[in-house]
Amino acid sequence: MVIDDLQDINFDHNQIINLKKLKRRRLYRFCKRITDVALSACGLVALSPVLLMVAGAIKHEERDGTIIYKQQRVGKNGKLFSIYKFRSMCMDADKKLEELKKLNEVDGAMFKLHNDPRVTKIGKLLRRTSLDELPQLYNVLKGDMSLVGPRPPLPNEVAEYTDYDKQRLLVIPGCTGLWQVSARNEVGFHEMVELDLQYIKKSGLLYDLAIVLKTVKIMIVPNGAY
């Protein structure tokens, strides 16, 4: 069952992943990969009109800017890969990050700012509906990501991780996950880690399907993402 209320979350801060048990789940990983390939390929085809409309809107707002934003992220077991998103910020957003860090609204190795001045007008809509994440279906098709899993962190975020936090890197990161469909912006970094570890422990095909369906619902009725 996907969490809908923060009161349902068990933040025990003492979750340790059983590596032997995780490695034995070969059938689940195989079935998950087949599902990822099938759904991401179908999604890219079915959503191609939406992808084109979003691309056109981004280009219309800033003709000299790029449509796709490419960024280095950390995947399973610390492997680096390039993530693809629709650009929702100004072109020099990365350069402006350092001066905005003092305004960070969450604790720990993660940056969140409700009224981030770097976000473009179309970017606000894309983020609220999670449409900026659609190009990550290509990452899923490539195998860098899964449809469901922990959010892929930035290298500088991982540099601040404790050994406990690094447990969230034991599985392939996802486009969506337990954190995105439950608490999202209402909790900090450490609570996000707890949600990811809960997901890793409980993950299964039906659990993944429930999270995907909840994600689709959130795209239609946004849950306050920014």
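Model, not experiment: these values are computed from the prediction.

1. Looking at the overall build of the protein chain
Regarding its fold elements, the protein chain presents 10 helices and 4 strands. When the helices and strands of the protein chain are read in sequence order from the N terminus, they spell out α-α-α-β-β-α-α-α-β-α-β-α-α-α. The 226 residues of the protein chain split such that 49% are buried. The contacts of the protein chain with a sequence gap of at least 6 include a subset with a gap of at least 24, amounting to 74%. Summing over all exposed atoms, the protein chain offers an accessible surface of approximately 12,400 Å²; the carbon and sulfur share of this is 59%.

2. Section: the nonpolar core
Across soluble globular proteins, you tend to see nonpolar side chains buried next to one another. Met110, Met145, Tyr161, Phe189, Tyr199, Ile200 and Ile211 are the most contacted members of the largest nonpolar core, which has 32 residues in total. Looking at this core, the elements with two or more residues in it are strand 2 (80-86), helix 6 (136-142), strand 3 (146-148), helix 8 (178-181), helix 9 (189-202) and helix 10 (205-220). In terms of residue count, the dominant contributor to this core is helix 9 (7 residues). Every residue in contact with Phe189, bar those within four places of it in the chain, is listed here: Asp107, Gly108, Ala109, Met110, Tyr161 and Asp165. Counting 9 residues, the second largest nonpolar core, distinct from the first, contains Leu51, Ile122, Leu126 and Leu131.

3. With respect to the pairing of strand 1 (residues 68-74)
As judged from the 7 bridges shared by strand 1 and strand 2, these two strands associate in the antiparallel manner. Looking at the pairing, Gln72 lines up with Ser82 of strand 2. Linking two consecutive strands that pair antiparallel, namely strand 1 and strand 2, is a turn of 5 residues; a positive phi of about 60° is found at Asn77 within it.

4. Focus: a positive patch on the surface
On the surface, a cluster of positive charge is contributed by Lys20, Lys21, Arg24 and Lys201. Along the polypeptide, Lys201 turns up in helix 9.

5. Observations regarding helix 9
If you check helix 9, its first and last C-alpha atoms are 20 Å apart, about what 14 residues at 1.5 Å a residue would give, namely 20 Å. Counted residue by residue, helix 9 has 10 buried out of 14 residues, so it is predominantly covered. Among all positions in helix 9, only Phe189, Met192, Val193, Glu194, Leu195, Asp196, Leu197, Gln198, Tyr199 and Ile200 are buried.

6. Re a nonpolar patch on the surface
Taken together, the side chains of Leu27, Phe30 and Ile34 present a nonpolar region at the surface, about 350 Å² in accessible area. Take Ile34: it is sitting in helix 2 (residues 26-46).

7. Re helix 5 (residues 121-129)
Those residues of helix 5 lying buried are Ile122, Gly123, Leu126, Arg127 and Thr129. Elements that come into contact with the buried residues of helix 5 comprise helix 3 (48-61), strand 2 and helix 10. Near the N-terminus of helix 5, the side chain that reaches the backbone nitrogen of Gly123, with its oxygen 2.9 Å away, is that of Thr120.

8. Topic: the packing of aromatic side chains
One pass over the structure, following the stated rule, counts 3 aromatic pairs. A centroid spacing of 6.1 Å and a plane angle of 15° characterise the contact between Tyr199 and Tyr207, whose relative ring orientation is stacked. The class of Tyr199 is buried, set by a relative accessible area of 3%.

9. Considerations on unusual backbone geometry
Residues other than glycine seldom take positive phi values, yet Asn77 does so here, at roughly 60°. Here the phi dihedral of Ser130 falls at roughly 65°; this positive angle occurs in a residue that is not glycine. By secondary structure assignment, the location of Ser130 is in the loop between helix 5 and helix 6. Taking the relative accessible area as the measure of exposure, Ser130 reaches 11% and is therefore buried.

10. Topic: the environment of Met192
Within the secondary structure layout, Met192 lies in helix 9. Owing to a relative accessible area of 0%, Met192 belongs among the buried residues under this scheme. When the C-alpha positions of Met192 and Arg168 are compared, they lie 9.8 Å apart, and in sequence the two are 24 residues distant.

11. Section: the side chain of Ser203
By the element assignment, Ser203 lies in the loop between helix 9 and helix 10. A distance of 3.2 Å separates the side chain of Ser203 from the backbone oxygen of Ile200, its partner in a polar contact.

12. Overview of the confidence of the model for the protein chain
Caution is warranted with low-pLDDT regions, since their predicted coordinates should not be read in detail. This prediction gives the protein chain a mean pLDDT of 87; 89% of its residues lie at or above 70. With pLDDT under 50 throughout, residues 1-9 is counted as low confidence; its partners more than four residues away or in other chains account for 20 contacts.

Calculation rules
- Residues numbered from 1 in each chain as written.
- Predicted model: local features only at pLDDT ≥ 70, side-chain atom pairs only at ≥ 80, totals over all residues.
- Heavy atoms only, no water.
- Helix = DSSP H or I, 4+ residues; strand = E, 2+ residues; numbered from the N terminus.
- Buried < 20%, exposed > 50% of the residue type's maximum accessible area, 1.4 Å probe, protein only.
- Contact = heavy atoms within 4.5 Å.
- Areas by Shrake-Rupley, 256 points an atom, 1.4 Å probe, with all protein chains shown as cover.
- Core = buried A, V, L, I, M, F, W, Y, C linked by side-chain atoms within 4.5 Å.
- Pairing = 2+ DSSP bridges.
- Patch = residues over 30% accessible without salt bridge, like charges linked within 9 Å, V, L, I, M, F, W, Y side chains within 5 Å.
- Salt bridge = Lys/Arg side-chain N within 4 Å of Asp/Glu carboxyl O.
- Lys, Arg positive; Asp, Glu negative; His and termini not counted.
- Charge placed at Lys NZ, Arg CZ, Asp CG, Glu CD.
- Expected span 1.5 Å × (residues − 1).
- Polar contact = N/O pair within 3.5 Å; in protein donor to acceptor, adjacent residues only side chain to side chain.
- Phe/Tyr/Trp six-rings, centres within 6.5 Å; stacked < 30°, edge-to-face > 60°.
- pLDDT = per-residue confidence, 0-100.

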